[in-house]
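Summary of the model geometry
One-letter residues, chain by chain:
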Amino acid sequence: MLEALRRIVQEVNNARDLEQALNIIVRRVKQAVSADVCSVYLNDFENHRHILQATDGLRPEAVGRVRLELGRGLIGLVSERAEPINLDDAMSHPRYLCVIDTGESQYHGFLGAPIIQNRKVLGVLVLRQRERRHFGDDEVTFVVTLASQLAGAITYARTSGELARLQHDGIPQRFLPGLAASSGIGIGQAVVIYPPADLDAVPDRVPEHIDAELDDFETAVSQVRADLERFMQRTSSHLNAEDVALFDAWRLMLESDTLVDGTLARIRAGNWAPGALRETVAEHARVFDAMDDAYLRERATDVRDLGRSILMHLEKRTAAPVQYAQRTILVGESISALQIAEVPREKLVGLVCTGGSGSSHVAILARGMGVPAAMGVSDLPVGRVEGREMVVDGYRGRVYVSPGPAVRSEYQRLADDDAALTNELQSLRHLPAETTDGALVPLYLNTGLVSESRPLGIEESAGVGLYRTELPFIVRDSFPAEAAQMANYRHVLELFAPRPVTIRTLDIGGDKPLPYFPMHEANPFLGWRGVRITLDHPEIFLTQVRAILRASIGLNNLRLLLPMVSTVSEVEDARQLIHRAHAELLEEGYQIQLPPIGVMIEVPAAVYQIEALARRVDFLSVGTNDLTQYLLAVDRNNAHVAKLYDELHPAVLRALVQIVEGARAQDREVSVCGEMAGDPLATFLLIGLGVHSLSMGAGSLLRVKRVIRSISRARAREVLKAALGCEDAAAVRRLLMEALDGIGLGALVRPGK
Ligand code: PEP
Ligand code: MG
């Protein structure tokens, strides 16, 4: 019996789909226990019934037709009790129900086993015998074991829509939920990829020749570096500045002492190269894993991906060549950037990852490349979808496997609409962001690091509205020296000159600690962060400011921005330090103009002191990401309260009004550089408020420009006024959606409108 069990399990695992799996079970089980009938009933919870889904022994036409009300008959009893029921004579049981359609009235012997997954009964596996029969203990165990084997396949079929199709022909299918990571609709064929090499499985080993190990490792690193270069060359035309920045971060990691020197040191200490690499990567990844900031935690994945790529070269393994379908949807538990790079761009139509989140590297990359993506689709059984047709709804983070005709054609229509929209947006590239009544609202870029190549977003933007300086600090082992920092800043200032570049001073701390600057705080968001740290460490601040000022020599397009300001003395102290750095540089003989200095408005205290702050600076920039989290007391990275985080909350809107009014009273310009600036829904509000400029990720530029060019400032003011009358974020959202639909641009934020 054990052998029969093993064979059946194997056959079921290889089944093409649920229907085949069920048919294998009923046929094989009937044979193995010499029963007259074996059937499977599945519970259809939505319609409150048990449906006969497969049978060997009853009339085949009955499959799908026999439907019992949930809880009725002996099937209902097994389901209710969630345990097997073994009866010599079912017909004499009070719950016995005669179902004419199946012709089962003649059967006495009955064994029913529940199919259970996560405490939920999904259906019942039933054996019947014409004569009276009491099934033996080993037969009961056999049937119970097989029933549990079926549970996984049924759960998958339920979520993928396959079961709905089996049960209700043509009724819209269920989807696999995930996180919306890159908007758009992708329809194609699943190509499943696996991690290139399993770093965690590498054992420790004492090398025979340490020198040879050192050589092998260095060669592997340079091969990965060459792969990266190749990838950047191939993709730079599809990427925006932010994405290229991530690859630069990889490059920096490859050059960093921690990863390379750390591994070399471990080899010298007596481990072979793969073992030394495993330990180094684990140590480095742990530092990122421990961070509260979701974006930074994702960098642990980068470190591991890099480690795996190096290991692949060390093992001299080249991944087996994958055949990419004409319309490939890349599917994997974790997908690395280099694996994406292997797919010819014209063939890649979607990305699906069972892990990760919206701030995962892959998600950011997908957005930059304009490839629809869903992350965190945890219910997707990666091993069973190869070659299947798939739909990725990147707007809602949904995935459909083998969609039925109705779902498929609906999504095809959405994809066609989307393509038309993308083409239309391209035509805006060289047009100004100007309202229909002539108000110009320059659109700037948010970015981190800028690479050698000329990525997207540079031509379309009016400059850089927020240059986050944290990345180069994070990927190193110690504070970067003035010269190294300067080279970085110089590059971005040159790239955009003469357009302005707003460089924000270091905003580390709290949720973004540096690996080499330990801090442990019970309440990091309310702790030592941004300017609070840099003012306590003038040596860090002065070095950075000197580097930034020196980088601007001769270009004069620099603006300096201070993060996390909550009191006027912070601005005064920071200004003093900036003046000191400037004076020192003049003394050293550098010809440097003092740049305009601005503050981020991202703490409620700053909102209430807006005029006092505005008087002390040249411009203001609203960080709606932090402002929302502090106003609503909702951690921006905490999934438990994610539903409460909403920048359209009336409190945020009121704060924005106060900021703009205060700035106006002091005759200062206000920009918005949080995520809200890149949301086409919010454009009405921000234009209505009269903010002077917006700064956003490259992917949002053309969408927001499209809205600006379609509305008048007068109309935006009307919408703002109505929004200020709303009492919750949902009402504001509805109002804005209507306004966007009213100008025919609903498709910018959701498909099919
Ligand atoms: C913000 O808080 O809105 C902002 C732009 O800064 P960061 O997201 O870097 O905290
Ligand atoms: Mg912020």
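The rules behind these values
Residues numbered from 1 in each chain as written. Chains lettered and ligands numbered in written order. Predicted model: local features only at pLDDT ≥ 70, side-chain atom pairs only at ≥ 80, totals over all residues. Heavy atoms only, no water. Domains from an automatic or database assignment. Near = heavy atom within 4 Å. Polar contact = N/O pair within 3.5 Å; in protein donor to acceptor, adjacent residues only side chain to side chain. Helix = DSSP H or I, 4+ residues; strand = E, 2+ residues; numbered from the N terminus. Nonpolar A, V, L, I, M, F, W, Y, C, P; charged D, E, K, R; others polar. Pairing = 2+ DSSP bridges. Axes fitted to C-alpha atoms, helices over the stretch in contact; angles between N-to-C directions. Contact = heavy atoms within 4.5 Å. Parallel < 35°, antiparallel > 145°, perpendicular 65-115°, else oblique. Left-handed = near helix turned anticlockwise from the far one by under 90°.

On to the domain arrangement of the protein. Here the domain parsing of the protein yields domain 1 (2–167), domain 2 (176–193 + 322–425), domain 3 (199–314) and domain 4 (428–748). The distance between the C-alpha centroids of domain 1 and domain 4 comes to 61 Å.

In the vicinity of ligand 1 lie 15 residues, with Arg468, Arg504, Gly623, Asn625 and Arg636 positioned nearest. Measuring from an oxygen atom of ligand 1, one finds a side-chain N or O atom of Glu602 at 3.0 Å. If you tally residues by element for the shell around ligand 1, the top one is helix α21 (residues 624–632), at three residues. Class assignment for the residues of the shell around ligand 1 results in three nonpolar, four polar and eight charged.

What follows covers the sheet that holds strand β2 (residues 49–56). Reading across from one edge, β3-β2-β1-β6-β5-β4 is the order of the six strands in this open sheet, with antiparallel pairing throughout. Across the chains shown, the open sheet's two edge strands, defined by having one partner strand only, are β3 (67–69) and β4 (85–87). Averaged over neighbouring strand pairs, the angle between their axes works out to 20° when direction is ignored. Of the pairings in the sheet, the one linking strand β5 (residues 109–117) to strand β6 (residues 120–129) comprises nine bridges and is antiparallel in character. The residue bridging Ile115 from the neighbouring strand is Gly123, located in β6. In this fold helix α2 (residues 18–33) packs onto β1 (37–44), β2 and β6, with an angle of close to 145° to the strand it touches most, β1. The sheet contacts of helix α3 (residues 73–81) involve β1, β2, β3, β4, β5 and β6, and relative to β6 the element is tilted by about 135°.

Packing of helix α8 (residues 257–268) against helix α9 (residues 273–289) brings their axes to within 8 Å, and their N-to-C directions diverge by 135°. Considering the angle they form, α8 stands oblique to α9. The two elements α8 and α9 cross, and the hand of that crossing is right-handed. Side by side, α8 and α9 meet where Thr258, Leu259, Gly262, Thr263, Arg266 and Ile267 of the first sit next to Ala273, Ala276, Leu277, Glu279, Thr280, Val281, Glu283 and His284 of the second. In the contact of α8 with α9, the residues fall into six nonpolar, five polar and three charged.

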